[in-house]
Amino acid sequence: MSHIIIIGSGVVGQATGKGFAKKGHQVTFVDVKEDTCAKLRSEGLTALTVQQVDWSTADIVMLTVPTPTIDGVPSLEFLKQAARDVGLGLGQVADDHFVVVVVRSSSLPTTTERVILPILEHASGKQAGLDFGVVMNPEFLRQTSSEQDFARPWLTVVGCSDPRSEAVMERLYRPFGSIIVYCTPTEAEMIKFTSNVYNAVKISYFNEVHAICECLDIDSNLVGATVARTAEAMWNPLYGTRGGVPFGGACLPKDTSAFLHFARELGFEHLVLEATVESNQRLTAKVKPVASPDKIDEALRVSHVSRPGSPVTPVTPGEPVGPHHNGRAKGTVRMSH
C-alpha cells in the first residue's frame, strides 16, 4: 500500500483521501487551516500543516487545492504555491525514491505541463519523468455526494507522460473497478473542462427551450423528458463527439434554421441555437458537411488536401488519424478495464 499525501483538504481532498484510506492506503491530509486539520484529527485521521510533513515517506502527493475563477479570470495562486511546497518537499526525498505528483485541482489545458511541472522541477532541483512523476487526474465529483462518487467512479481519467507514473496510477485505481482512460495531462485537463462546459451548455439550451414552451403554454418538462429518449445525442453517448466536420444531411440544417426563424417570430432570442447555426456555417466554409459519422474521415481528408501546405494523412477505415502521443495514436483512447 502507498503513503498518499493530500494537499488541500476541502471537499475534493477529503473525498479523495478518505476513499483511498478505506482501500488500506496510509493517507496524510495537509491544509493551511488549523480548524480543518483539527476536525480531521477528531475523526481519527492524520492531518498536518505543510511544515509538519515528512516528505521522505511519501509515495504519491495529490494536489486538491482550490483554483477559483475571480471576476471571470482563473486564479492559479493556490495551486502554484502548493506546487512550490511539494517541489521543496521532493528535494528532501531520496534520489532512488520515485514519487508521483498528481494534480486533481481543476486546471485549464496545458497548466500541468507548462506551469506546474516547471515549478516542481525548479523547487526540487529534480527532473520530471526521471526523478519524479507528474500526473493530471481530474475529478468528477458532485459536491453533495463526493465521497460516494469517489468510492464508485463511473470513469477515471489519468493523464501522464511516463510509464512509471502510469503503473502507479493503475495499481492505485484498479481496485475501484471503473474504466480507466489513459491520455496526456493536457488531454485530461481538456476532458475535465469540456465535461463541465458541456453540462452548462445543455442546461442553458433546455432553459431556453423551457422559455419557448412557456410562450406556447405547453409542458417543458414533458418535452425535455421525451427528447431525452428521442434525440440520438441523448441516448448515444458518442453522437456528435467526433469534431472537425459540420453537421449536414436532410434534417439538421433544415430544422435548425426553421426553428431559429420560428423563435425569432415569437420574439424570442434563442442564443444557444443562434450560436449553433453560426458555428456550423463558419465550419461549412472550410469543410464539407456530412450526414453520418462514417463520412467524417473522408471530409477531413478532403479539407486537408484543399489547404495548401496542410499535411495529408492517409485514412484507412477503423484506423486512427494523426501523429502519436507517447505510443498512443492521436484520435484513439486507451482504456483499462
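This write-up is about the structure you can find in this document. (Residues numbered from 1 in each chain as written. Predicted model: local features only at pLDDT ≥ 70, side-chain atom pairs only at ≥ 80, totals over all residues. Heavy atoms only, no water.)

Core analysis: the biggest nonpolar cluster contains 29 residues, and Ile 5, Ile 7, Trp 55, Val 61, Leu 63, Val 86 and Leu 120 have the highest contact counts within it. Listed by contribution, the elements that provide at least two residues to this core are strand S1 (3-7), strand S4 (60-63), helix H3 (77-90), strand S7 (99-103), helix H4 (111-124) and strand S8 (132-136). A per-element tally of this core places H3 first, with five residues. Beyond its immediate stretch of four places on either side in the chain, Val 86 contacts Ile 7, Trp 55, Val 61, Leu 63, Val 101 and Leu 120. With 27 residues, the next largest nonpolar core counts Cys 37, Phe 150, Val 168 and Phe 176 among its residues. (Core = buried A, V, L, I, M, F, W, Y, C linked by side-chain atoms within 4.5 Å. Buried < 20%, exposed > 50% of the residue type's maximum accessible area, 1.4 Å probe, protein only. Helix = DSSP H or I, 4+ residues; strand = E, 2+ residues; numbered from the N terminus. Contact = heavy atoms within 4.5 Å.)

Before going further, it helps to spend a moment on the pairing of S7. With five of its five residues buried, S7 lies for the most part within the structure. Alternating residues of S7 divide into Val 99, Val 101 and Val 103 and Val 100 and Val 102, and every residue in both groups is buried. Judged from the four bridges that link them, S4 and S7 form a sheet pairing that is parallel. Note on S7: the bridge partner recorded for Met 62 is Val 102. Summarising the sheet, S7 and S8 pair through five bridges and their orientation is parallel. (Pairing = 2+ DSSP bridges.)

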